[in-house]
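# Overview (structure and organization)
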Amino acid sequence: MVALPEGDKQTRWNALHALVQADAVCRANVRPGKKVVLGVGDLEAKIMFVGEAPGAEEEIQGEPFVGPAGQLLTKMIQGMGLKRTEVYIGNIMNWRPQMPTAPGREQVGNRPPTEGELHYCLPYLRAQIEVVNPAVLVALGSTATQGLLGWGSFKALGDVRGRWHEFGGKPLMVTYHPSYILREPTNRKKRMIWEDLLKVMERAALPISERQRGFFLEK
Ligand code: URA
């Protein structure tokens, strides 16, 4: 449990931001010159997206989803008729999980967090959910889903995606991570994620046009 001061959302978020930045474990897990990363976005957002962990770009900029997967996520959000700044975007992890890297070299690639790492950071995600109090949560990919549904709680993401679950009393939609589409950008895959996002739009009472309903239907 992260203890936050009384006050408005911005006051509480600022306090949370300061706590994460000062967290000795978080700091020990980022290399010199790189940043500990907390979520960003509208503190009044109805929709909160939850991803896995910062990657190379994110740990430089100190903001989630600003690299290639982030650019795709931004397009998905725009497809929903929203601006990136109108939702809240967080991650399960506050640091980029480290991989063996020669001194003076940049880390190449990413690895998923361990169970221990994930559980260390989870209270910070819970605190962000508490502050923002969104109407709907969206887990992007396996790691986010492991964090929110429980480590080892499902075998394949396909078994739990596209359905409503619950986390901390909030409706939680599970879908694929945008990087899944980056690896193989077919309309079939885009449509799978899009159908999950249409459910999110319905739940968040966003207007949905016929055009939006038909996105990615062509083969
Ligand atoms: N992938 C994630 O899951 N989170 C980020 O912040 C960037 C890429």
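Here the structure is a predicted model, which means the values were calculated and not measured. (Residues numbered from 1 in each chain as written. Predicted model: local features only at pLDDT ≥ 70, side-chain atom pairs only at ≥ 80, totals over all residues. Heavy atoms only, no water.)

All right, on to the overall build of the chain then. When helices and strands are counted, the chain shows 10 helices and 6 strands. Here the chain has a C-alpha radius of gyration of 17 Å; the compact-globule value for 219 residues is 17 Å, and the two agree. Judged by the C-alpha coordinates and their principal axes, the chain covers about 50 × 45 × 30 Å. Carbon and sulfur atoms provide 53% of the accessible area of the chain, an area that totals close to 10,700 Å². Averaged over its 28 positive side-chain charges, the chain has a centre that lies 5 Å from the centre of its 23 negative ones. (Helix = DSSP H or I, 4+ residues; strand = E, 2+ residues; numbered from the N terminus. Rg over C-alpha atoms; globule rule 2.2 N^0.38 Å. Areas by Shrake-Rupley, 256 points an atom, 1.4 Å probe, with all protein chains shown as cover. Lys, Arg positive; Asp, Glu negative; His and termini not counted. Charge placed at Lys NZ, Arg CZ, Asp CG, Glu CD.)

Neighbouring the ligand are G51, E52, A53, E58, P64, F65, N91 and H177. Residue E52 places a main-chain N or O atom 2.7 Å away from an oxygen atom belonging to the ligand. F65 is positioned with one of its backbone polar atoms (N or O) 2.9 Å from an oxygen atom of the ligand. For the ligand, the protein covers 91% of the area, taking 230 Å² as the surface of the free molecule. (Near = heavy atom within 4 Å. Polar contact = N/O pair within 3.5 Å; in protein donor to acceptor, adjacent residues only side chain to side chain.)

Moving on to the packing of helix α5 (residues 115-132) against helix α6 (residues 141-149). Where α5 contacts α6, the two axes come as close as 10 Å, and the packing angle between them is 75°. Taken together, the axes of α5 and α6 lie roughly perpendicular to each other. For the pair α5 and α6, contact is made by L118, L122 and L125 and by T143, Q146, G147 and L148, respectively. For the contact of α5 with α6, the class distribution of residues is 4 nonpolar, 3 polar and no charged. (Axes fitted to C-alpha atoms, helices over the stretch in contact; angles between N-to-C directions. Parallel < 35°, antiparallel > 145°, perpendicular 65-115°, else oblique. Contact = heavy atoms within 4.5 Å. Nonpolar A, V, L, I, M, F, W, Y, C, P; charged D, E, K, R; others polar.)

Looking at the element boundaries, E59 is found in helix α3 (residues 56-61). For E59, the side chain forms a polar contact with the side chain of R96, separated by 3.1 Å.

Applying the stated rule across the entire model yields 10 salt bridges. Between E44 and K9 there is a salt bridge, and its shortest N-O distance comes to 3.4 Å. In this pair, E44 sits in the loop between β1 (40-41) and β2 (47-51) while K9 sits in helix α1 (residues 9-22), placing the two residues 35 residues apart along the sequence. Looking at E44, the relative accessible area reads 57%, which means it is exposed. A salt bridge links E184 to K189, with the nearest nitrogen and oxygen atoms 3.1 Å apart. (Salt bridge = Lys/Arg side-chain N within 4 Å of Asp/Glu carboxyl O. Buried < 20%, exposed > 50% of the residue type's maximum accessible area, 1.4 Å probe, protein only.)

Attention now moves to the nonpolar core. The biggest cluster of nonpolar side chains holds 66 residues, and the ones touching the most others in it are I47, F49 and I92. No other element matches the 9 residues that α5 contributes to this core. Among all residues touching I92, those that are not within four sequence positions of it are V50, G51, E52, L118, C121, L122, L125, T143, A144, G147 and L148. (Core = buried A, V, L, I, M, F, W, Y, C linked by side-chain atoms within 4.5 Å.)

Let us now look at the pairing of strand β4 (residues 136-140). Of all 5 residues in β4, 5 are buried, a share of seventy percent or more. Taking every second residue as pointing to the same face, both faces of β4 are buried, with V136, V138 and L140 on one and L137 and A139 on the other. Alignment of β2 against β4, held across 4 bridges, turns out to be parallel. Of the residues in β4, the one forming a bridge with I47 is V136. (Pairing = 2+ DSSP bridges.)

Right, let's get into the pairing of strand β6 (residues 170-175). Buried residues dominate β6, accounting for 6 of its 6 residues. Judged by which residues are buried, β6 turns out to be covered on both faces: K170, L172 and V174 on one side and P171, M173 and T175 on the other are all buried. Summarising the sheet, β4 and β6 pair through 4 bridges and their orientation is parallel. From the neighbouring strand, A139 faces β6, where its bridge partner is V174. The hairpin turn running from strand β5 (residues 164-167) into β6, its antiparallel successor, is 2 residues long, and G168 in that turn takes a positive phi close to 55°.

Attention now goes to the environment of I193. For I193, the location among the structural elements is in helix α9 (residues 187-203). Along the sequence, I193 and H177 sit 16 residues apart, while their C-alpha atoms lie 8.6 Å from each other.

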